[in-house]
Amino acid sequence: MQQLEHLLKQIFEPSLIEPLSKQIFSKVEAAQAGFPRYQAWSEKDVILITYGDSVLSGGLPPLQSLHQFLREYLTGLISSVHILPFFPFSSDDGFSVIDYNQVNYNLGDWKDIEQLNQDFELMFDLVMNHCSRQSLWFNDFVNGSGEGKDYFIESDPKLDYSAVTRPRTSPLIVDVYTREGIKHVWATFSDDQIDLDFSNPKVLLAFVDIFIFYLQQGARFVRLDAVAFVWKVLGSNCIHLPQTHAVVKLLRWVMEQLDPNLVLITETNVPHQENISYFGDGDEAHLVYQFALPPLLLHALNRGNGHYLTAWARDLVALPKGCNYFNFVASHDGIGVRAVEQIIPKHEIADLGESVHNFGGFVSMKSNGDGTQNPYELNISLFDALQGTRTGSDQWQVERFLCSQKLLLSLQGIPGIYIHSLTATANDQSLVEQTGRTRSINRHRWQREEFETLLAQEHSPQAQVFQRYRALLALRKTITAFHPESAQRVYDCGDAVFVMQRGDAPRDSDIDKFHSVLAVFNLTKYPQQLEHLAQLPKAFLEQCDDLLSEENVSLADYKLKPYQVLWLAPK
């Protein structure tokens, strides 16, 4: 209770603290009875990211179709499923939530979620910053009565908002016609996604209720969507404010009262140092999205040069105890470039955007507040983004793509794999035309029969990627060096390669086969040898077992094939 009161004091005025802490404590205490217990994370943890309708089959509800597909092909290979927002929504493919407590009837119902949870752990989204214009809460605001009438942020459009950090080019303040006349409200992301007012303690209490409900419905992982924007103070940049961090800490506290192995994840697509601020002192997020990784890895493979990737990875700071990275290289959104604004030069980001255009994708922009715009994200299927390099398409698409996925699976943290990476999905231009949204290019809906027809064709990209990916997942879970908390050290062995060691340094004798692994990646379409070998531990310079090819390798005289990856274990 004392810790809870301390957190609430960072958010609200003193007179509110005692009644609020009693209400929150009572809600948590009521949820503790019979709450399930989870095991600590391990090298067996791999999270699949998917929409509820990414795989469709016959007349089955989409969630049942997805469950059947995952159960048949990925049982024992992934541990958890992140079902992107599966609630009733009005826009943004789920992130404009109408009702936080219901399953979208077009996908299924809570029984389908429960059945999926019997085979896989689950991640839910908590969309905190905003809700739909069509929500009951916003209807209360329009009518001036009911629970939600004071849940939104009114503001004067004539004030100066130039300091506010914007992730979009749409207007920040939008007009609303209410029973009391026109009002003006905050809408950080779109005019259909109206920002909630967390300075009203009733809003916080409502989200504590929703948060606990999700945990009770089987969510081991909860992803806080766009959480960086939840607190607003006019005249500030309205992002990462102290009250925002206190809200995250409060939700972490709620989790710890129920089960210390529950996992809170913050989704903050911002420069790297701002992103990792959500670890706090080990008392905020358990995992943060590794937003710098996708653009850095794409840039490295696009140029055949891992200079910035290696420098960034070598500078990663030690993590607070109990905290780690959620690593991903593709997701339902585009490949954000904000995280690398201070890492990759602007002209090289522009060059990368040009390659994305050449490979059928788009570049989305953000407003800077001074009338200028910068690239915000690259909208393209990752498989198609890697169909070539900055010199154009070539024959190395599958190998280049699998190199990216092997690197994802090797890094310290928990890997998150987008379903369209597993299935080598190409750009869906027809869906972009249908929705008018560039992000739709990477949100294809597979008909299961269509996918399995391609899977049966030995030389199709889907067959090549899916079968080899499944074998990778089966191998990875046997390698203890890939435990999320296993140490990571990155070596500079030349710009054409990326080299890192997972696990403790090899001992001179009695080496556990999987106690330490050296992961080596050729980032180019040309054969390569490692430079500066003397810096590597001696055990890796002698005969090693490559766990991927099951061959003996001596790095001293080994030449990597184009996009070849080694997972080396000392003999």
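What you see is a predicted model, and the numbers here were worked out from it, not measured in a lab. (Residues numbered from 1 in each chain as written. Predicted model: local features only at pLDDT ≥ 70, side-chain atom pairs only at ≥ 80, totals over all residues. Heavy atoms only, no water.)

Chemist: Outline the pattern of salt bridges, listing residues and values.
Modeler: According to the stated counting rule, one finds 31 salt bridges in the structure shown. Residue Glu399 is joined to Arg468 by a salt bridge in which the shortest nitrogen-to-oxygen separation is 2.8 Å. Of this pair, Glu399 sits in helix 13 (residues 397-410) while Arg468 is found in helix 17 (residues 461-476), placing the two residues 69 residues apart along the sequence. Owing to a relative accessible area of 26%, Glu399 belongs among the partly exposed residues under this scheme. (Salt bridge = Lys/Arg side-chain N within 4 Å of Asp/Glu carboxyl O. Helix = DSSP H or I, 4+ residues; strand = E, 2+ residues; numbered from the N terminus. Buried < 20%, exposed > 50% of the residue type's maximum accessible area, 1.4 Å probe, protein only.)

Chemist: Mind laying out the sheet that holds strand 20 (residues 488-491), listing which residues take part and the relevant values?
Modeler: Taken in spatial order, the 6 strands line up as 20-21-22-25-23-24 in an open sheet, and their pairing is antiparallel. The sheet is open, and its two edges are formed by strand 20 and strand 24 (551-553), each paired on a single side. Across the sheet, the mean angle separating the axes of adjacent strands is 30 degrees when strand polarity is ignored. Two elements, strand 20 and strand 21 (residues 497-503), share 4 bridges in a ladder whose sense is antiparallel. Its bridge partner lying in strand 21, Val490 is registered against Met500. Along the sheet, helix 13 contacts strand 21, strand 22 (516-522) and strand 25 (565-570); its crossing angle with strand 22, the most-contacted strand, is approximately 155 degrees. (Pairing = 2+ DSSP bridges. Axes fitted to C-alpha atoms, helices over the stretch in contact; angles between N-to-C directions. Contact = heavy atoms within 4.5 Å.)

Chemist: Describe the packing of helix 2 (residues 14-32) against helix 7 (residues 242-258), listing the residues and the values that go with them.
Modeler: One can describe the packing of helix 2 onto helix 7 by two numbers: an axis separation of 9 Å at closest approach and a directional angle of 30 degrees. Between helix 2 and helix 7, the angle falls in the class roughly parallel. Relative to helix 7, helix 2 is oriented so that their crossing is right-handed. Across the interface between the two elements, Ile24, Phe25, Val28, Ala31 and Gln32 of helix 2 pack against Leu250, Trp253, Val254, Gln257 and Leu258 of helix 7. Residues that form the contact of helix 2 with helix 7 fall into these classes: 8 nonpolar, 2 polar and no charged. (Parallel < 35°, antiparallel > 145°, perpendicular 65-115°, else oblique. Left-handed = near helix turned anticlockwise from the far one by under 90°. Nonpolar A, V, L, I, M, F, W, Y, C, P; charged D, E, K, R; others polar.)

Chemist: Can you break down the side chain of Gln290 residue by residue, with the values?
Modeler: Structurally, Gln290 is set in the loop between strand 11 (287-289) and helix 9 (293-303). A relative accessible area of 1% places Gln290 in the buried class. In contact with Gln290, other than residues within four places in its own chain, are His272, Asn275, Trp312, Leu316, Tyr325, Phe326, Asn327 and Phe328.

Chemist: Could you give an account of the packing of aromatic side chains, with specific residues and numbers?
Modeler: One pass over the full model with this rule turns up 35 aromatic pairs. Ring geometry for Trp110 against Phe213: centres 5.4 Å apart, planes inclined by 90 degrees, an arrangement best described as edge-to-face. With Trp110 in helix 4 (residues 110-117) and Phe213 in helix 6 (residues 201-216), the pair connects residues that are 103 residues apart, well separated along the chain. Look at Tyr289 and Phe328: their rings are 5.3 Å apart centre to centre, the planes differ by 70 degrees, and that puts the pair in the edge-to-face class. One end of the pair, Tyr289, is in strand 11; the other, Phe328, is in the loop between strand 12 (324-327) and strand 13 (335-336), with 39 residues separating them in the sequence. Overall, Phe328 belongs to the buried group, its relative accessible area being 5%. These aromatic residues form a ring-pair network of at least three members: Phe86, Phe87, Trp110, Phe124, Phe213 and Tyr214. (Phe/Tyr/Trp six-rings, centres within 6.5 Å; stacked < 30°, edge-to-face > 60°.)

Chemist: Describe unusual backbone geometry, with residues and values.
Modeler: Despite not being glycine, Asp92 shows a phi value in the positive range, around 55 degrees. Here Asp92 lies in the loop between strand 3 (80-83) and helix 4. Of note in the backbone geometry, Ala424 takes a positive phi value of approximately 50 degrees without being a glycine. With respect to the element layout, Ala424 can be found in the loop between helix 14 (419-422) and helix 15 (429-435).

Chemist: Would you mind going over the sheet that holds strand 14 (residues 362-367) in detail, with residue names and values included?
Modeler: The strands making up a sheet are joined through hydrogen bonds of the backbone, oriented either antiparallel or parallel. Pairing within the open sheet is antiparallel, and its 3 strands lie in the order 13-15-14. If you trace the sheet from one side to the other, it starts and ends with strand 13 and strand 14, each paired once. Pairing of strand 13 with strand 15 (residues 373-379) involves 2 bridges; the strand directions are antiparallel. Paired with Ile335 across the two strands is Leu378, which belongs to strand 15.

Chemist: Tell me what's going on with the layout of surface pockets, and back it up with residues and numbers.
Modeler: Taken as a whole, the largest pocket spans an internal volume of roughly 740 Å³. Taken together, 44 residues form the lining of the largest pocket, with Asp92, Arg168, Phe189, Glu377 and Arg439 sitting closest to its centre. Counting residues per element, the lining of the largest pocket draws most heavily on strand 15, which supplies 3 residues. Of the residues belonging to the lining of the largest pocket, the class tally is 15 nonpolar, 17 polar and 12 charged. (1 Å grid on protein atoms, 1.4 Å probe; cavity = no way out; pocket = protein on both sides within 12 Å on 5 of 7 lines; lining within 4 Å. Points joined across faces, edges and corners; volume = space filled by probe spheres on them.)

Chemist: Break down empty space enclosed by the protein for me, with residues and values.
Modeler: For the structure shown, the criterion picks out 3 cavities of 30 Å³ or more. In this structure, the largest cavity is lined by Gln290, Trp312, Leu316, Tyr325, Asn327, Leu411, Gln412 and Gln488. Considering only residue class, the lining of the largest cavity consists of 4 nonpolar, 4 polar and no charged. Put simply, the second largest cavity is a space of about 40 Å³. Together, Ala330, Ser381, Leu382, Phe383, Phe401, Tyr418, His420, Ser421, Thr425 and Asn442 line the second largest cavity. At the level of secondary structure, the elements contributing two or more residues to the lining of the second largest cavity comprise helix 12 (382-385) and helix 14. Across the lining of the second largest cavity, the residue classes break down as 5 nonpolar, 5 polar and no charged.

Chemist: Any details on the environment of Lys249? Residues and values, ideally.
Modeler: Along the chain, Lys249 turns up in helix 7. In this structure the C-alpha to C-alpha distance between Lys249 and Gln397, which are 148 residues apart in sequence, comes to 43 Å. Contacts of Lys249, omitting those with residues within four sequence positions, involve Leu7, Asp283 and Glu284.

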